[in-house]
Amino acid sequence: MLLRGSEINSLLLRVLAMSSTHKVLRKQTIPWDIVRCPSCLDYVERQDKNFVCINPVCNKAYPDVDGIPIFINQDSSVFSLDDFKRDKTTFFKKRGRIIEWLNQNLPSISHNLTAKANYKKLSNLALNGKASARILVVGGGVTGQGFELLANNPALELVETDVSFGQRVIMICDAHDLPFVDGSFDVVVAQAVLEHVVDPFRCVSEFYRVLREEGLIYAETPFMQQVHGGRYDFMRFTYRGHRRIFRNFEEIHAGITGGPGMALAWSWQYFLRSFGGSSRAQMYLTILGRFTSFYLKYFDYLFKHALPAYDAASGFYFMGRKSKAVLNDKDLVRFYDVPL
């Protein structure tokens, strides 16, 4: 039996509705005792629909939009407060239901080899005999692979932030100027974030500032990946380059998140997309690319610990501990032939 176009569309929407899952999210609360003005780091107080810095020299106001405080220092950010008050698209574009369904159900060209094991290790290190730990999540609008191990642990207090509204986001802020007092978090997580900031060194210095003594950092950042953040995609890092931005941290563990197979799949998909002149053509070419290259990521299990793969990997992770010692650049270069 042949289906007409309208019947196919109706069937697709019914399948989409059936496949939608609504997870019960653990309620987060903003820890107001550590919140500060992102411009001068002085206290803020609630005044009508704004949060206002009490410093008379600063006295900046930050709006509340539908219960989400917008702590953006627009003097140094690429975003403005009006972007959020007017609900303009900042980082994440709004996608239709069918596009979202296709994105979730087509075979993926990406696979994170290490995230689940890393988040399990991070959870254990964060608690380490303690009853609880406070974790700042930078870029929490869309959760990355393996993140559920943190989200589902009731002993971990998550403060999930982003520069876009999202289901789990409780505060809008820019990583270049974090609105928190010094030494207020046990852990900072930045999964797939540092490629989207204009100054990753400044952001990492902010991570360092808000971490407690011997606090933990976990970051994942791409190396061999094409542009995937539009106008907000700025940086890529080699393995050594990634290590250097965390030079004020003692390394606990570091390595590959996605290997040469995943990098090749990304290149093939974007090669095909280059033939598309319209958004519809690019969508069809993306589907073709995913169906013809998704299997390449599985080769990365062979390359996971291979030294040559570090020069061709899709991305890297770094897990470290806040330290007073600084990694010397000569040491960074000296150990090129082996992972640090």
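Just above sits the structure.
Note that this is a predicted model, so its numbers are computed, not measured.

Basis of the calculations
- Residues numbered from 1 in each chain as written.
- Predicted model: local features only at pLDDT ≥ 70, side-chain atom pairs only at ≥ 80, totals over all residues.
- Heavy atoms only, no water.
- Pairing = 2+ DSSP bridges.
- Helix = DSSP H or I, 4+ residues; strand = E, 2+ residues; numbered from the N terminus.
- Axes fitted to C-alpha atoms, helices over the stretch in contact; angles between N-to-C directions.
- Contact = heavy atoms within 4.5 Å.
- Phe/Tyr/Trp six-rings, centres within 6.5 Å; stacked < 30°, edge-to-face > 60°.
- Buried < 20%, exposed > 50% of the residue type's maximum accessible area, 1.4 Å probe, protein only.
- Polar contact = N/O pair within 3.5 Å; in protein donor to acceptor, adjacent residues only side chain to side chain.

Peer 1: Which residues make up the sheet that holds strand β3 (residues 61-65), and what are the values?
Peer 2: The 11 strands lie next to each other as β1-β2-β3-β4-β7-β6-β5-β8-β9-β11-β10, forming an open sheet whose pairing is mixed. The sheet is open, and its two edges are formed by β1 (44-47) and β10 (249-258), each paired on a single side. The sheet shows a mean angle of 20 degrees between the axes of neighbouring strands, direction not considered. Against the sheet, helix α6 (residues 200-210) contacts β5 (133-138), β8 (185-191), β9 (211-222), β10 and β11 (315-322), and its axis sits at roughly 150 degrees relative to β9.

Peer 1: For the packing of aromatic side chains, give the residues involved together with the corresponding values.
Peer 2: Summed over all chains, the structure comprises 22 aromatic pairs. Summarising the aromatic geometry, the rings of Tyr119 and Phe147 are spaced 6.0 Å apart at their centres and angled 85 degrees between planes, so their arrangement reads as edge-to-face. Of this pair, Tyr119 sits in helix α4 (residues 115-127) while Phe147 sits in the loop between β5 and α5 (148-151); the two residues are 28 residues apart in sequence, bridging distant segments of the chain. Judged on exposure class, the residue Tyr119 and its partner Phe147 are both buried.

Peer 1: So what's going on with the environment of Asp177? Residues and values would help.
Peer 2: On the secondary structure map, Asp177 appears in the loop between β7 (171-173) and β8. Here Asp177 falls in the buried class, since its relative accessible area comes to 9%. A sequence separation of 26 residues divides Asp177 from Cys203, and the C-alpha atoms of the two residues are 7.6 Å apart. In this view, Asp177 contacts Pro38, Asn73, Ser76, Arg202 and Glu206; residues no more than four positions away in its chain are not counted. Within the local environment of Asp177, its side chain forms a polar contact with the side chain of Arg202, the two groups lying 2.5 Å apart.

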